[in-house]
Amino acid sequence: MELVFSKWVFVFSLCCWLIFSVAVAVEGVHGGSKVRGVNLGGWLVIEGWIKPSLFDGIPNGDMLDGTQVQFKSVTLQKYVSAENGGGMDISVDRDDASSWETFKLWRVSELEFQFRTTQGQFLTCYGNGCSVSATATSASSTETFQIERNNNGKVHIKIKSGTYLQATMDNQLTADYPGTPGWDDNAATFEMTIVANNLHGDYQLANGYGHNKAKQVLEKHRNTFLNVGDFEFLYRHGINNVRIPVGWWIAYDPDPPAPFIGGTLEAPDNAFSWAEDYSIKCIIDLHAAPGSQNGMEHSASRDGTTGWPTSSDYISQTLHVIDFLASRYAKHPAFLGIELLNEPSAAEVPLDMLVSYYKQGYEVVRKYSPSAYVIICQRIGSADPLELYQADIGSHNLVVDLHYYNLFDTFFVNLSAIDNIQFIYKSREAQLQALNGANGPLVFIGEWVNEWNVTSGSQSEYQDFGRAQLEVYNAASFGWAYWTLKNDRKHWDFEWNIRNNYLRLSSSEKKVFNSLRWLLLASICFYQCQILELVENWIRTC
């Protein structure tokens, strides 16, 4: 009897241990395993490089908000210049063009624009006969100009009344050209050079199309870019988390401030439902804050400036957005956590200000959930992630997000495939080990990609590069998330990498076999019973 009892205790214990080990592996972070995630970038926060076709229908699409332009008088052969970067009258007296001669466009309509200087002032002209100056600190009708273009890069500029600007012989820019200029050499004709047109975010799309057309474009995009089938794909390949970038205007849906377009909120609601169906957890990531936290298109900056740290109103507005998101999703079964801010700029966002915001954001989330993960992102640029470990931001379930790219820095430009892989092992791994060992938040590699500056990398080299990253990033105490699920640039596209065998996940098909594993466990238990029964019978016969 004692032997039989011991046998069943052993079998029961073995089965419980096996079942528990499997349960931990599939429940996500709350169950004890790490995040293996993918970002849903380019869906609810627009980044034109992810899907360039979204911008194809914008008239004068090379003159979006934030486009940098220069103007050269065809008669004087001199550039229009804002002395000292703004604050003075405009002159037309420069032989060469640099920052003072470069203006950022604020688009009012297809043909109407405002011009912002490097110091932030706007070109202004009060009416006919005025001299144009760069003294306005905000823009309205007297700072609005109409641009006429021909096919040879030449333009005319006129004020609201219809009078054309001209470059005078004493190197001034005045609104007093008589009549209508032709395209031959005359004082009202300028050569326009587009220096940069690299901002293609939500602001540029909405303001470029205008509200009605932008709404059509975005509704189609939000409804077709991702669907439930993508979550089934992620589930089959062992992904247990999605990081969902959202913009601050989501908290004001369906009627956010202009020019942003409502209707965003339905998409993350769908994502949470799809995620729940496939046992996938969700992180809501505030990717774009009011005023922009880094001046980039993915933070919905209008012209490349970083306004978020300049106003306490922006901070309060951002905390309101976190409150909205936490109150909406904290009780959802698929909810894992909230990232309070994506990629604040080290150059523009002071650490003390950021830490203060993170502390307040942490408390906001805690109002709605005692256990949700609160994720704080490292400042991008020359900032040490340890600076966030030294700040007393929150007591539990706090995560620091690092973004690891072998790109965007001149250091990586001439590295070979082997050099890139060695960098992962020597530099990234060492930093992760140090942070994992620090007494503080968990570590999350919230963005990384299987792409580099190697121009002729073979498939096997990409596989080695991906393998190195997975080996190292798997050690992060919270986990990792690939950037991004879908992308027109194939190596950035997670689905493309998996389908074309450029990125190999070590347990990519584990979700498919879960039912088989449960069956195997049951079989192990059954046959263990049979073996012990035989052993028991043999002992008795002896």
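- An unreviewed UniProt entry lists the protein under the name Probable glucan 1,3-beta-glucosidase A, from Gossypium hirsutum.
- As stated in UniProt under Sequence similarities (unreviewed entry), the record for the protein gives "Belongs to the glycosyl hydrolase 5 (cellulase A) family."

Let's talk about the overall build of the protein
- A tally of regular secondary structure across the protein gives twelve helices and 20 strands.
- For the protein, the proportion of its 542 residues judged to be buried stands at 56%.
- Of the contacts made within the protein by residues no fewer than 6 positions apart, 71% connect residues no fewer than 24 positions apart.
- Summing over all exposed atoms, the protein offers an accessible surface of approximately 23100 Å²; the carbon and sulfur share of this is 51%.

Notes on the state of the cysteines
- Taken as a whole, this structure holds one disulfide when the rule is applied.
- The partner cysteine of cysteine 125 in its disulfide is cysteine 130, sulfur to sulfur 1.6 Å. In this structure the cystine formed by cysteine 125 and cysteine 130 twists about its S-S bond by roughly -105 degrees; its chirality is therefore left-handed. Pair check on accessibility: cysteine 125 and cysteine 130 agree, each one buried.

Comments concerning the pairing of strand S9 (residues 145-149)
- As judged from the two bridges shared by strand S6 (residues 112-116) and S9, these two strands associate in the antiparallel manner. Across the sheet, phenylalanine 113 pairs through a bridge with phenylalanine 145, a residue of S9.
- Looking at chain direction, S9 and strand S10 (residues 154-158) are connected through four bridges and run antiparallel. Bridge assignment links isoleucine 147 to a residue of S10, and that residue is isoleucine 157.
- Between the end of S9 and the start of S10, which pair antiparallel, lie four residues, with glycine 153 showing a positive phi angle near 80 degrees.

A short note on the pattern of salt bridges
- Counted under the stated rule, the structure contains 19 salt bridges.
- For arginine 328, the salt bridge identified is with aspartate 269, shortest N-O distance 2.7 Å. One end of the pair, arginine 328, is in helix H6 (residues 312-329); the other, aspartate 269, is in helix H5 (residues 266-277), and 59 residues separate them in sequence.

Focus on the side chain of glutamate 47
- Structurally, glutamate 47 is set in the loop between strand S1 (35-39) and strand S2 (68-73).
- Of the side chains with opposite charge, arginine 243 comes closest to the buried, unpaired glutamate 47, at an N-O distance of 8.2 Å.
- Within polar-contact distance, the side chain of glutamate 47 engages the side chain of tryptophan 49 at 2.9 Å.

Side note on the packing of H6 against helix H7 (residues 351-368)
- Interhelical geometry of H6 versus H7 gives an angle of 25 degrees and a closest axis separation of 9 Å. By the angle between their directions, the pair H6 and H7 is classed as roughly parallel. The chirality of how H6 crosses H7 is right-handed. On H7, the residues that touch Ile315, Thr318, Leu319, Ile322, Asp323, Ala326 and Ser327 of H6 are Met353, Tyr357, Gln360, Gly361, Val364, Val365, Lys367 and Tyr368.

A few points about the sheet that holds strand S17 (residues 373-377)
- Read around the closed barrel, eight strands run S1-S14-S15-S16-S17-S18-S19-S20, paired in parallel fashion. Strand-to-strand, the axes of this sheet are offset by a mean angle of 30 degrees, without reference to chain direction.
- Pairing analysis gives three bridges linking strand S16 (residues 335-339) to S17, with the strands arranged parallel. Its bridge partner lying in S17, glycine 337 is registered against tyrosine 373.
- In this fold H7 packs onto strand S15 (281-288), S16, S17 and strand S18 (398-404), with an angle of close to 160 degrees to the strand it touches most, S17.

Things to note about H6
- Here H6 spans 26 Å end to end across 18 residues, near enough to the 26 Å set by a 1.5 Å rise per residue.
- Among the residues making up H6, those that are buried are Ile315, Thr318, Leu319, Val321, Ile322, Asp323, Phe324, Leu325, Ala326 and Tyr329.
- Tucked inside the fold, the buried residues of H6 contact strand S14 (241-247), H5, S15, S16 and H7.
- Between a side-chain oxygen at the N-terminus of H6 and the backbone nitrogen of aspartate 313 the separation is 3.1 Å; the capping residue is serine 311.

Brief notes about the nonpolar core
- By size, the foremost hydrophobic cluster in this structure holds 99 residues, and its most contacted members are Ile244, Tyr357, Tyr358, Ile445 and Phe494.
- Leave out the neighbours within four places in its chain, and tyrosine 358 touches Leu340, Leu341, Pro344, Ile376, Cys377, Leu388 and Ile393.
- The next biggest cluster of nonpolar side chains, apart from the first, holds 28 residues, and it includes Met63, Val69, Phe71 and Phe115.

Here we look at the pairing of strand S19 (residues 442-448)
- Burial analysis of S19 places six of its seven residues in the buried class, the great majority of the element.
- Both S18 and S19 contribute to a ladder of six bridges, which runs parallel. Paired with valine 400 across the two strands is valine 443, which belongs to S19.
- With helix H9 (residues 417-437) bridging S18 and the parallel S19, this β-α-β connection has right-handed handedness.
- In the sheet, S19 pairs with strand S20 (residues 479-482) via two bridges, with the strands oriented parallel. Paired with isoleucine 445 across the strands is tryptophan 480, a residue of S20.
- Crossover connection from S19 via helix H10 (residues 459-473) to parallel S20: handedness right-handed.

Concerning the side chain of aspartate 303
- As for its placement among the helices and strands, aspartate 303 is situated in the loop between S15 and H6.
- Residue class for aspartate 303 comes out buried when judged on its relative accessible area of 2%.
- At 2.9 Å, the side chain of aspartate 303 forms a polar contact with the side chain of tryptophan 106.
- Leave out the neighbours within four places in its chain, and aspartate 303 touches Gly66, Lys104, Trp106, Arg116 and Leu199.

Cut-offs used in this document
Residues numbered from 1 in each chain as written. Predicted model: local features only at pLDDT ≥ 70, side-chain atom pairs only at ≥ 80, totals over all residues. Heavy atoms only, no water. UniProt positions renumbered as here; feature names shortened; annotations may be inferred. Helix = DSSP H or I, 4+ residues; strand = E, 2+ residues; numbered from the N terminus. Buried < 20%, exposed > 50% of the residue type's maximum accessible area, 1.4 Å probe, protein only. Contact = heavy atoms within 4.5 Å. Areas by Shrake-Rupley, 256 points an atom, 1.4 Å probe, with all protein chains shown as cover. Disulfide = S-S within 2.5 Å. Pairing = 2+ DSSP bridges. Salt bridge = Lys/Arg side-chain N within 4 Å of Asp/Glu carboxyl O. Lys, Arg positive; Asp, Glu negative; His and termini not counted. Polar contact = N/O pair within 3.5 Å; in protein donor to acceptor, adjacent residues only side chain to side chain. Axes fitted to C-alpha atoms, helices over the stretch in contact; angles between N-to-C directions. Parallel < 35°, antiparallel > 145°, perpendicular 65-115°, else oblique. Left-handed = near helix turned anticlockwise from the far one by under 90°. Expected span 1.5 Å × (residues − 1). Core = buried A, V, L, I, M, F, W, Y, C linked by side-chain atoms within 4.5 Å. Right-handed = clockwise from strand over helix to strand, strands pointing away.

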